[in-house]
Amino acid sequence: MSASFLALALLGTTGCKTDKPKERSANTPAKETLAIKPNGASGVAPKVTGAPPELQKVFDYIDTHMDEHVGNLQKWIQQPSISNSGEGIPESAEMVKGFFDKLGCQTTRVYDVGITEYGTPGNPVVYAKCDEGAPKTVAIYWQYDTMPVTQPDAWVAPPFEGRVVAGSTAGLPDIPRVLVGRGATNSKGPEMAQLNALMAYKAVNGKLPVNLIFIAEGDEERMDIGLRKFIKDHSDLLAEADALYVGGPSEGCVYVELTTSGKAWGRGPTDSDVHGVMKRTTDSPAWRHIQMLASLTSKDGNTPQIKGWDDGREYPTPEQMKQLEDRAAKTDLVKMAKAQGVARYIGDTPLEVLKAGRYGVSFNLDGIWGGNMYAGGAGAILPNKITSKHAFRYVPKMDGLHIVQMLREQLDRNGYKDVQMKLIGDVPWSRGSSPTSDISVAHKKAAEMLGLGGDQGMFQMASADHYEQNGKTLPLGVNQSEPTGGYWPSYLFSDGPVGQKVGSVSIPMGIGARGGQGGRAHAANEYYAVEGSRWDNGMAGAEKIVAAAIWEFSQTTTTAPKPKTHAK
């Protein structure tokens, strides 16, 4: 008998009184009871076909624990993790490690990746290995970082509260209830659905049908600079992985900062901002910066005026155009624009918009700063330095570093040799993996098991090597509330063609069965549907699809699993 247990036993026999539980005062709010409906507003459960008893028990467990599962997401949302500023990043890395500890992973570690090749420190990467003694191992990629909150007044609920509201409150009348918060869809909601599903599986069955390897990065919103170094240094940690749970191709994205300063220009204020009255007599680096930017695009800002910048660009094939035409026939541009919070698109027809969204290239002005940055009021300032940040989004077979070179040459030709350019990071393109790999077949079988087929619940194929990735891109013509672009570090994992190979990881990536619904990534009122209109577009549906896909992968073997070193 332990000393603590003996003390409690003696306490119970000596007549000593214990304190009664404190009664909740009238001013203390009761714990929120969400009463989430796992099958959504329709109440119609999935028509499960061929699920083994062990999986049916998981589905039942998910249904009866939805309030707890939504609460798990709320707690994660309440921990800020903004990689651009560093706010909450160390705490978030430890929190994610705690998730993997709770799942029962034997190895969990937060890696300090050090200084990256771009000269800045990378954020920590969280690694975990869960050995279930199984023949097959699934790797799961996460990002735990989010974008900053730039317009807090535009939110219907505080961005780090994780409040559950009626969909109509958030301007989403077709969804019964959503969780609003920064990171809700990009990407804590889908990731927590995965973790909830895995925890449910272990709760009822004791162990998972596959081994797991988790890689969680804190730099996705900073061009994956830390993860890139981690994979370069530690590819061996994924040597036993037979597949990545869900992935897909990625566009390329290269990010730069441009700075105009009086010191480099040799005109205007040099060492600091000066009083605005001096504009009467002094040149302005700020106006020079604006003129410099204007020289790089057409007047509407939509066409880059950079010689050679889209060298090597691939254009859609006739087959791909036919698929876009079929989707365009089902696309409502007005509805899609409203859902994305834009007035209208550059193109006037659904085909133009879908083509640009899938195969287009762009040069964006993501932000600009310098001088008097305070909203409202006055304050006479002649800035000595202005900086702007820019993303080039590109397609196969373009080269991000070549684009940066073309930009530098264009600036020089335009007379702006003094403008300084800093490379922030580059995420090369990736075509993804074969749709017939075991992991992709497992996702398809999971969808069929749960009564999903065709376009509903599955990532649509744009061609043999292009499909959409959950959390970043969504299927056109099915869920028209999300944009079709988005990069992620597919090139670090893919066994398919990539723009640049870093490290030695090369594993099939799954075309994932898609449950749940979310949107407004990077925008105000980012959301994740916790109670859908149907069973499959709420959080419970997302979790059931995860559990089914993991089980199906354990049963699907056309490629021999890699040798495993199981813990003893």
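Residues numbered from 1 in each chain as written. Predicted model: local features only at pLDDT ≥ 70, side-chain atom pairs only at ≥ 80, totals over all residues. Heavy atoms only, no water.

## Side note on the sheet that holds strand β1 (residues 107-111)
Taken in spatial order, the five strands make up an open sheet running β1-β2-β6-β3-β7, and their pairing is mixed. Only two strands of the sheet have a single partner each, and these edge strands are β1 and β7 (243-244). (Pairing = 2+ DSSP bridges. Helix = DSSP H or I, 4+ residues; strand = E, 2+ residues; numbered from the N terminus.)

## Describing the nonpolar core
Ranked by internal contacts, the top residues of the largest apolar core, which has 64 residues, are Val70, Val96, Phe100, Trp142, Leu212 and Phe214. With 11 residues, helix α14 (residues 539-555) is the single largest residue contributor to this core. Not counting residues up to four positions away in its chain, the partners in contact with leucine 212 are Leu103, Ala128, Lys129, Cys130, Thr137, Val138, Ile140 and Leu198. Counting residues in hydrophobic clusters, the runner-up holds 32 residues, among them Tyr118, Ala139, Tyr141 and Tyr255. (Core = buried A, V, L, I, M, F, W, Y, C linked by side-chain atoms within 4.5 Å. Buried < 20%, exposed > 50% of the residue type's maximum accessible area, 1.4 Å probe, protein only. Contact = heavy atoms within 4.5 Å.)

## Some details on the side chain of serine 250
As for its position among the elements, serine 250 is in the loop between β7 and β8 (252-261). Polar contacts involving the side chain of serine 250 include one to the main-chain carbonyl oxygen of tryptophan 488, which spans 3.1 Å. Leaving out residues up to four positions away in the same chain, serine 250 has contacts with Trp429, Ser430, Gly486, Tyr487, Trp488 and Ser490. (Polar contact = N/O pair within 3.5 Å; in protein donor to acceptor, adjacent residues only side chain to side chain.)

## Digging into the environment of leucine 227
When you line up the elements, leucine 227 lands in helix α6 (residues 225-234). Sequence separation of leucine 227 and proline 124 is 103 residues, and the distance between their C-alpha atoms is 8.4 Å. Not counting chain neighbours up to four residues away, the residues in contact with leucine 227 comprise Val125, Tyr141, Ile215, Glu217, Pro489, Leu492 and Phe493.

## Regarding the pairing of strand β3 (residues 137-143)
Counting buried positions along β3 gives seven out of seven residues, so the element sits mostly inside the fold. Residues of β3 alternate between two faces, with Thr137, Ala139, Tyr141 and Gln143 on one and Val138, Ile140 and Trp142 on the opposite face, all of them buried. The pairing of β3 with strand β6 (residues 211-217) spans seven bridges and is classified as parallel. Considered in β6, the bridge of glutamine 143 is made with glutamate 217. As defined by bridge partners, β3 adjoins β7 across two bridges and the pair is classed as parallel. By the bridge assignment, alanine 139 is partnered in β7 with leucine 244.

## As for α6
Buried within α6 we find Ile225, Gly226, Leu227, Arg228, Phe230 and Ile231. Check the buried side of α6 and you find it contacts β1, β2 (125-130), β3, β6 and β13 (420-427).

## Examining empty space enclosed by the protein
Under the defined criterion, the tally for this structure stands at two cavities of 30 Å³ or more. Ala197, Leu198, Tyr201, Leu208, Pro209, Val546, Ala547 and Ile550 together form the lining of the second largest cavity. For the lining of the second largest cavity, the secondary-structure elements that each account for two or more residues are α5 (184-205) and α14. Tallied by class, residues from the lining of the second largest cavity come to eight nonpolar, no polar and no charged. (1 Å grid on protein atoms, 1.4 Å probe; cavity = no way out; pocket = protein on both sides within 12 Å on 5 of 7 lines; lining within 4 Å. Points joined across faces, edges and corners; volume = space filled by probe spheres on them. Nonpolar A, V, L, I, M, F, W, Y, C, P; charged D, E, K, R; others polar.)

## Some words on the pattern of salt bridges
Side chains bearing opposite charge may pair, as long as their charged atoms lie close to each other. The final tally for this structure, using the stated rule, is 25 salt bridges. In this structure, the salt-bridge partner of aspartate 326 is lysine 322, at a minimum N-O distance of 2.9 Å. On the criterion of helical spacing, the pair formed by aspartate 326 and lysine 322 is a turn pair, its members being four residues apart in helix α9 (residues 318-328). Each of Glu117, Arg228 and Lys232 takes part in one network of salt bridges that share partners. (Salt bridge = Lys/Arg side-chain N within 4 Å of Asp/Glu carboxyl O.)

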